[in-house]
Amino acid sequence: MDVSKGDELEPTQHRHEGTIASSDEKSLGHESDALHIDPALEKRVRRKIDRVLVPLVMGLYLVAFLDRSNIGNAETAGMSKDLGFDDAHYQWLLTIFYIPYILFEWAALMWKAVPPHIWACSCVLVWGLASTLQAAAFNWSGLMACRFFLAMAEAGFGPGVPYLLSFFYKRHELGFRCGLFLSAAPLATTFAGALAYGITSGHPAHIANWRLLFIVEGVPSVLLAALAFWRMPDSADTASFLTEEEKQVAKIRAIQQTGTEGASRVGHVNFKDILLSLRDFKTWIPPLMYFSCNVSFSSLPVFLPSILQNMGFTAINAQGLSAPPYFLAFIVCILTTWIADKTRQRGYMIIGLSLISGVGYVLLLACRSVAVRYFGVFLAAAGVFPAISNILPWTVNNQGTDSKRGAGIALLNIVGQCGPLLGTRVYPLSDAPYYVTGMAICAGFMFFNAFLALILRTYLSWENRKFERNDEAARQAGVDPRSGSIGLENEGYGFRNFL
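The shown structure was predicted, so the numbers you read here are calculated from the model rather than taken from an experiment.

(A) Up close: the overall build of the protein chain. Across its full length, the protein chain holds 21 helices and zero strands. Long-range pairs, those at least 24 residues apart, make up 83% of the contacts in the protein chain between residues at least 6 apart in sequence.

So this is what it looks like as structure tokens:
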């Protein structure tokens, strides 16, 4: 490891949560001599983190989304018929999930307040038990209770993972990793369709197909809780899978980001920074965008089997045909977040994806041909899932300090997760087979999301010009901003919003 001034890495001044001068070489074209890292060694460290952290959070989110959305597959397999409740009761099974999910969104900040391995294990264990116990429900009230605790635990995990990843990756590295993590949602839905197809196509003698579905998809979560406890790193510079030399590199990377070592970023929250974040205009637009996307994001997985069934497919074929659109969304999630990281243009990406999804819903709304409507499902899925995959890192990218990023993610989820309260109510059985009202609402919100993304990008571009003027004024005054005391990602010299 190349550190020109030895190991003198301690901060000398304090402001917010970051304290050492640093520079993002890619954005500024220079690097600090005191904090220089051999690029090959840094790449090795980053890839080691990639091999452990990203598959872990992706796998946990996959089973979480599987446990959340298999209620639609269970309904198609005869759940409501066996338990004797109607469509209105089923609608409430969908809605109840999002009430605790909203109430506990503040728990995203727990990734900073509690050691991540403990927090992850607790969340996974609770939702795994709640998901599995749905198989034992003998009435509607029992299912409602299980889904309440399922939502409470999942609210503490998935919404805060992009925030967790920001402790391990720099700004220009974060979006792709968030894309990999969030791509688990469409992948889980693909897996849910294929698994449900296999489970519900059989006829077990002693257990209903829908009960077996909850067991097969819920038990893995309980088992994975132990894996989360032993493998989830609390910070890069304390990760057990890194050598001492690699931990030192991870420590310098954290200082380059925020001016403080990775381990010291966990265990406390700066409430002043949280209030500053809530006063910032750019903190409020992404939650409205997330709300818009979530109207569609929440409804598509749980209603798609029924929508396909109403196109004329059998219940079994509807389960299988729901998988391909989500596999396409999985690929597009990864591809678009990678492109946005490289170009640093998330706004245009979100605008394009939102328009594609909106067109898909218009086809589902206006057309009666089965082939055209099924093509519309592909467009809708390939637009809405990747749009969300870009909205979340865009929020984290443009907030200074860890506490501001945490506040931004928490607000994003508190407001955004209200979308499913609407999304899960717009496809009543009485609107079958075309669900015109639901399709129109989802299309309208996706077009509205494109408009919001354009407004936010325009504002961020204006703010970048202001940052440029401030840096120029500092240079004209004869001050070397690079000798300051704030890490680049804590709005230090050279900080620019991702557009």
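(B) Representation of the nonpolar core. Membership of the largest hydrophobic core comes to 138 residues, with the highest contact counts inside it found for Met-79, Phe-157, Tyr-361 and Phe-385. The element contributing the most residues to this core is helix α2 (residues 39–76), with 17 residues. Excluding residues within four positions of it along the chain, Met-79 makes contact with Ile-71, Ala-74, Phe-85, Tyr-90, Leu-93, Leu-143, Trp-210 and Phe-214.

(C) Examining the pattern of salt bridges more closely. Evaluated as defined, the whole model comprises 13 salt bridges. In this structure, the salt-bridge partner of Arg-68 is Glu-154, at a minimum N-O distance of 3.2 Å. Note that Arg-68 is positioned in helix α2 and Glu-154 in helix α7 (residues 140–157), a separation of 86 residues in sequence. For the pair formed by Arg-68 and Glu-154, the shared burial category is buried. A salt bridge links Lys-247 to Glu-244, with the shortest nitrogen-to-oxygen separation between them at 3.6 Å. Linking Lys-247 with Glu-244, this pair stays in helix α12 (residues 244–258), spanning three residues, or about one helical turn.

(D) Broad picture of unusual backbone geometry. Unusually for a residue other than glycine, Arg-344 sits at a positive phi of about 55 degrees. Along the polypeptide, Arg-344 turns up in the loop between α16 (323–343) and α17 (346–366). Non-glycine residue Tyr-435 carries a positive phi angle of around 50 degrees. By the secondary structure assignment, Tyr-435 is in the loop between α20 (419–423) and α21 (436–476).

(E) Seen up close, the packing of helix α18 (residues 370–397) against α21. Following both chains from N to C, one finds α18 and α21 inclined at 35 degrees, their axes separated by 12 Å at the closest point. Pair α18 / α21 crosses with left-handed handedness. Contacts between α18 and α21 involve Arg-373, Val-384, Ile-391 and Trp-394 from the former and Met-439, Met-446, Asn-449, Ala-453, Leu-456, Arg-457 and Leu-460 from the latter. The class makeup of the residues in the contact of α18 with α21 is eight nonpolar, one polar and two charged.

(F) Layout of the environment of Ala-366. Considering the arrangement of structural elements, one finds Ala-366 in helix α17. It is 9.2 Å that separates the C-alpha atoms of Ala-366 and Ala-440, two residues lying 74 residues apart in sequence.

(G) View of a nonpolar patch on the surface. There is a patch of nonpolar side chains on the surface, built from Trp-92, Ile-99, Leu-103 and Leu-421 and spanning about 350 Å² of accessible area. Examining the composition of the nonpolar patch, we find that three residues originate from one element, helix α4 (residues 87–103), more than from any other. Tracing the backbone through its elements, the reader meets Ile-99 in helix α4.

(H) Structural context of the packing of helix α9 (residues 171–182) against α16. Two elements in contact, α9 and α16, have axes separated by 8 Å at closest approach and are oriented at 175 degrees. With respect to α16, the axis of α9 lies roughly antiparallel. Mapping the contact onto sequence places Arg-171, His-172, Glu-173, Leu-174, Gly-175, Phe-176, Gly-179 and Leu-180 in α9 and Cys-333, Ile-334, Thr-337, Trp-338 and Asp-341 in α16.

(I) Inspection of the environment of Ile-334 at higher detail. Counting through the fold element by element, Ile-334 comes out in helix α16. Overall, Ile-334 belongs to the buried group, its relative accessible area being 18%. Residues Ile-334 and Cys-178, spaced 156 residues apart in sequence, show a C-alpha to C-alpha distance of 8.7 Å. Residue contacts for Ile-334: discarding those within four places in its chain leaves Phe-176, Gly-179, Leu-180 and Ser-183.

(J) The arrangement of the confidence of the model for the protein chain in detail. Here the protein chain averages 81 in pLDDT, while 84% of its residues score no lower than 70. This model gives residues 1–32 a pLDDT under 50, and the stretch forms 95 contacts once residues within four places in sequence are excluded.

(K) Layout of the packing of aromatic side chains. According to the stated counting rule, one finds 19 aromatic pairs in the structure shown. Ring centres of Tyr-98 and Tyr-101 lie 6.2 Å apart, and the angle between their planes is 75 degrees; this geometry places the pair in the edge-to-face category. Taken together, the positions of Tyr-98 and Tyr-101, both in helix α4 and three residues apart, correspond to about one turn of that helix. Under the relative-accessibility criterion, Tyr-98 is labelled buried at 7%. Judged by relative accessible area, Tyr-101 falls into the buried class, the value being 2%. Ring pairs connect the aromatic residues Tyr-61, Phe-65 and Phe-181, which therefore count as one cluster. Between Arg-368 and the ring centre of Tyr-434, over which it is positioned, the NZ or CZ distance is 3.9 Å. When the ring centre of Tyr-348 is taken as origin, the NZ or CZ atom of Arg-457, which lies over that ring, is 4.0 Å away.

(L) Summary view of the side chain of Gln-417. The topology assignment puts Gln-417 in the loop between α19 (402–416) and α20. Residue Gln-417 is classed as buried on the basis of its relative accessible area of 3%. Setting aside residues no more than four positions away along its own chain, Gln-417 makes contact with Tyr-98, Tyr-101, Ile-102, Glu-105, Tyr-290, Asn-294 and Leu-412.

(M) Region of the structure containing α19. Given a rise of 1.5 Å per residue, 15 residues ought to cover 21 Å, and the 21 Å separating the end C-alpha atoms of α19 matches this to within 8%. Most of α19 sits inside the fold, with 13 of its 15 residues counted as buried.

(N) Broad picture of the environment of Pro-287. Within the fold, Pro-287 resides in helix α14 (residues 285–310). Judged by relative accessible area, which is 1%, Pro-287 ranks as buried. Ignoring sequence-local partners within four residues, the contact set of Pro-287 consists of Leu-411, Leu-412, Val-415 and Gly-416.

How each quantity is defined
Residues numbered from 1 in each chain as written. Predicted model: local features only at pLDDT ≥ 70, side-chain atom pairs only at ≥ 80, totals over all residues. Heavy atoms only, no water. Helix = DSSP H or I, 4+ residues; strand = E, 2+ residues; numbered from the N terminus. Contact = heavy atoms within 4.5 Å. Core = buried A, V, L, I, M, F, W, Y, C linked by side-chain atoms within 4.5 Å. Buried < 20%, exposed > 50% of the residue type's maximum accessible area, 1.4 Å probe, protein only. Salt bridge = Lys/Arg side-chain N within 4 Å of Asp/Glu carboxyl O. Axes fitted to C-alpha atoms, helices over the stretch in contact; angles between N-to-C directions. Left-handed = near helix turned anticlockwise from the far one by under 90°. Nonpolar A, V, L, I, M, F, W, Y, C, P; charged D, E, K, R; others polar. Patch = residues over 30% accessible without salt bridge, like charges linked within 9 Å, V, L, I, M, F, W, Y side chains within 5 Å. Areas by Shrake-Rupley, 256 points an atom, 1.4 Å probe, with all protein chains shown as cover. Parallel < 35°, antiparallel > 145°, perpendicular 65-115°, else oblique. pLDDT = per-residue confidence, 0-100. Phe/Tyr/Trp six-rings, centres within 6.5 Å; stacked < 30°, edge-to-face > 60°. Lys NZ or Arg CZ within 6 Å of the ring centre and 35° of its normal. Expected span 1.5 Å × (residues − 1).

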